[in-house]
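# Geometric and topological summary
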Amino acid sequence: MEVLVEYLFSAPLQKPIEFQYLIGVLILIAIGLLVGWLLIRKIKVKHTEELDGYKKLIEEKDQELLSFVKAQDLEKKQLANAMAENFGKLFSVLNLNLSPLKAAKPVDQEKQQEIFKNSGSVINELEDELKRVCFELMPQTLLKRGLTATLKEFGALLERVHGIACHVAVTDNNQRLTSAEELGLFRIAQDWVEVLLANNVPSEIHIGFERKKGRATLYIIAYNSKLEMDDSFRETAVWKRISVRLNELNAVLNTSTDEEGLTPGSLKMEVCLAAVAS
């Protein structure tokens, strides 16, 4: 470049064609520099956009994780409050039933039998409540026998506690899923039923699980349900928990109210989990 400049200003041009040639070279150099600058700028802009995208993704994941943690803390708080209230009531009733035995005057045998009967009933309620709490925290059935048996136990619990007719159907589930898949699907079912009960108690619930051709499907049909999948619902802690679990499982959740076979007022929720071992 320096040689070119020295040549231009030191020696007079003998022919017009030489001047045109040099002007052309200068134009090409200028165009090359401009193109190079534009390419570098484009790369920098693209790199900046990618960094911004990564930052945004990290922030979204952080918010998602924070929402999940908050939802878990809220769930634990509600469970602890329910345990304290329910166990407190049952222990108060038990103490009340046993109080005649603490009296100074003797109690006849018939009265003793009545006290023992009433106390036994309260103890059975305590046992049922303890089983329910343990089931909500971590069902031992899920660890020992798998998702099928756990869904059946879950259905029986809904009938006993909430008085809801609950039917559980399972198709071709001889081979168990991974522990993470089983736990994730069960928690989704648990959270979804919690949502249904919070809106209105359905007259009947059907829980189903199908597994065939490398695909596992969990579905829950609620009859006479008033749940609406609107924007306000998607801001709830329960839905955020479900969303996190769906992402973990790489699963898809669909809902339907007009599928063939559904009665008016029914809502079907379906979770599809692909790429499972056949």
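Structure report, in brief. (Residues numbered from 1 in each chain as written. Predicted model: local features only at pLDDT ≥ 70, side-chain atom pairs only at ≥ 80, totals over all residues. Heavy atoms only, no water.)

## Here's the deal with the nonpolar core
Grouped together as the largest cluster of nonpolar side chains are 36 residues, with contacts concentrated most on Leu 185, Trp 192, Ile 207, Ile 220 and Val 271. If you list the elements that add at least two residues to this core, you get α5 (147–162), α6 (179–199), β2 (204–212), β3 (215–223), α7 (237–249) and β5 (267–274). Of the residues forming this core, the biggest block, eight residues, is contributed by α6. Apart from the residues lying within four places of it in its own chain, the contact partners of Val 271 are Leu 185, Ile 188, Ala 216, Thr 217, Leu 218, Leu 246, Ala 251, Val 252 and Leu 253. (Core = buried A, V, L, I, M, F, W, Y, C linked by side-chain atoms within 4.5 Å. Buried < 20%, exposed > 50% of the residue type's maximum accessible area, 1.4 Å probe, protein only. Helix = DSSP H or I, 4+ residues; strand = E, 2+ residues; numbered from the N terminus. Contact = heavy atoms within 4.5 Å.)

## Description of the packing of aromatic side chains
Under the definition given, this model contains one aromatic pair. Measuring from centroid to centroid gives 5.7 Å for Phe 154 and Phe 186, while their planes differ by 80°, and the two rings are edge-to-face. One end of the pair, Phe 154, is in helix α5; the other, Phe 186, is in helix α6, and 32 residues separate them in sequence. According to the relative accessible area criterion, Phe 186 is buried, its value standing at 0%. Over the ring of Tyr 219 we find Lys 268, and its NZ or CZ is 5.0 Å from the ring centre. (Phe/Tyr/Trp six-rings, centres within 6.5 Å; stacked < 30°, edge-to-face > 60°. Lys NZ or Arg CZ within 6 Å of the ring centre and 35° of its normal.)

## Section: a nonpolar patch on the surface
A contiguous nonpolar patch, built from Ile 23, Ile 27, Leu 28, Ile 31, Val 35 and Leu 39 and spanning about 540 Å² of accessible area, is present on the exposed surface. Tracing the backbone shows Ile 23 in helix α2 (residues 16–102). Overall, Ile 23 belongs to the partly exposed group, its relative accessible area being 34%. (Patch = residues over 30% accessible without salt bridge, like charges linked within 9 Å, V, L, I, M, F, W, Y side chains within 5 Å. Areas by Shrake-Rupley, 256 points an atom, 1.4 Å probe, with all protein chains shown as cover. Salt bridge = Lys/Arg side-chain N within 4 Å of Asp/Glu carboxyl O.)

## Topic: the packing of α6 against α7
Where α6 meets α7, the closest approach of the two axes is 10 Å, and the angle between their N-to-C directions is 160°. The orientation of α6 with respect to α7, classified from their angle, is roughly antiparallel. Both α6 and α7 take part in a crossing whose hand is left-handed. In this structure, α6 uses Ala 180, Glu 181, Gly 184, Leu 185, Arg 187, Ile 188, Asp 191, Trp 192, Glu 194 and Val 195 to contact α7, whose residues at the interface are Val 238, Trp 239, Arg 241, Ile 242, Arg 245, Leu 246 and Leu 249. Considering only residue class, the contact of α6 with α7 consists of ten nonpolar, one polar and six charged. (Axes fitted to C-alpha atoms, helices over the stretch in contact; angles between N-to-C directions. Parallel < 35°, antiparallel > 145°, perpendicular 65-115°, else oblique. Left-handed = near helix turned anticlockwise from the far one by under 90°. Nonpolar A, V, L, I, M, F, W, Y, C, P; charged D, E, K, R; others polar.)

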